[in-house]
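Analysis of the macromolecular model
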Amino acid sequence: ISIPNDFKLYPNPSKQNSLLDLGKTYENIQVKIETINGQVVYNQQFLQKNQVLLNAEQLNAGIYFVRIITQNQNVVLKWIKQ
């Protein structure tokens, strides 16, 4: 069960960077980027964040999942690297 959220990821698809806009400031938030095989290619913990810049330059083209973990949410957004 996912809780409605205001998370936006753009541009998507992306060639270089995308901005993850959380819609409000969250404390103790974790952001992960996972491949479709479940491999974690990015894992970052933030004390306080309302936006995260995701750098796709080092990633291979394909589909990724951006997992946002907050105190009461675990949300996955699909992210396409061109």
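Just so it is clear, the structure is predicted and the values come from calculations on it, not from any experiment.

How each quantity is defined
- Residues numbered from 1 in each chain as written.
- Predicted model: local features only at pLDDT ≥ 70, side-chain atom pairs only at ≥ 80, totals over all residues.
- Heavy atoms only, no water.
- Helix = DSSP H or I, 4+ residues; strand = E, 2+ residues; numbered from the N terminus.
- Rg over C-alpha atoms; globule rule 2.2 N^0.38 Å.
- Core = buried A, V, L, I, M, F, W, Y, C linked by side-chain atoms within 4.5 Å.
- Buried < 20%, exposed > 50% of the residue type's maximum accessible area, 1.4 Å probe, protein only.
- Phe/Tyr/Trp six-rings, centres within 6.5 Å; stacked < 30°, edge-to-face > 60°.
- Pairing = 2+ DSSP bridges.
- Salt bridge = Lys/Arg side-chain N within 4 Å of Asp/Glu carboxyl O.

Some thoughts on the overall build of the protein
Per the secondary structure count, the protein includes 0 helices and 5 strands. Put simply, the protein runs from its N terminus to its C terminus through helices and strands in the order β-β-β-β-β. A globule of 82 residues ought to have a C-alpha radius of gyration of about 12 Å, and the protein, at 12 Å, matches this closely. Based on the C-alpha atoms only, the size of the protein along its principal axes is roughly 30 × 20 × 20 Å.

Some remarks on the nonpolar core
Counting residues in each nonpolar core, the largest one holds 19 residues, and the members touching the most others are Leu 20, Leu 54, Val 66, Ile 68 and Trp 79. Of all the secondary-structure elements, those providing two or more residues to this core are β2 (17-35), β3 (40-55), β4 (62-69) and β5 (74-81). Top element by residues in this core is β2. It accounts for 6 residues.

What about the packing of aromatic side chains?
Counted by the stated rule, this structure contains 1 aromatic pair. When the centroid spacing of 5.6 Å and the interplanar angle of 70 degrees are considered together, the rings of Phe 7 and Tyr 26 count as edge-to-face. One end of the pair, Phe 7, is in the segment before β1 (8-10); the other, Tyr 26, is in strand β2, with 19 residues separating them in the sequence. Taking the relative accessible area as the measure of exposure, Phe 7 reaches 8% and is therefore buried. Residue class for Tyr 26 comes out buried when judged on its relative accessible area of 11%.

Things to note about the pairing of β3
Taken together, the 13 bridges between β2 and β3 define a ladder with antiparallel strand orientation. Pairing of Ser 18 across the sheet is with Leu 54, part of β3. As consecutive antiparallel partners, β2 and β3 are separated by 4 residues, and within that stretch Gly 38 has a phi angle of approximately 90 degrees, a positive value.

Looking at the pattern of salt bridges
Applying the stated rule across the entire model yields 1 salt bridge. Between Glu 34 and Arg 67 there is a salt bridge, with the nearest N and O atoms lying 3.0 Å from each other. Here the residue Glu 34 occupies a position in strand β2, and Arg 67 occupies one in strand β4, the gap between them amounting to 33 residues.

Points about the pairing of β5
By the alternation rule, side chains of β5 split into Val 75, Leu 77, Trp 79 and Lys 81, which are all buried, and Asn 74, Val 76, Lys 78 and Ile 80, of which none is buried. Hairpin connection of β4 to β5: 4 residues between the antiparallel strands.

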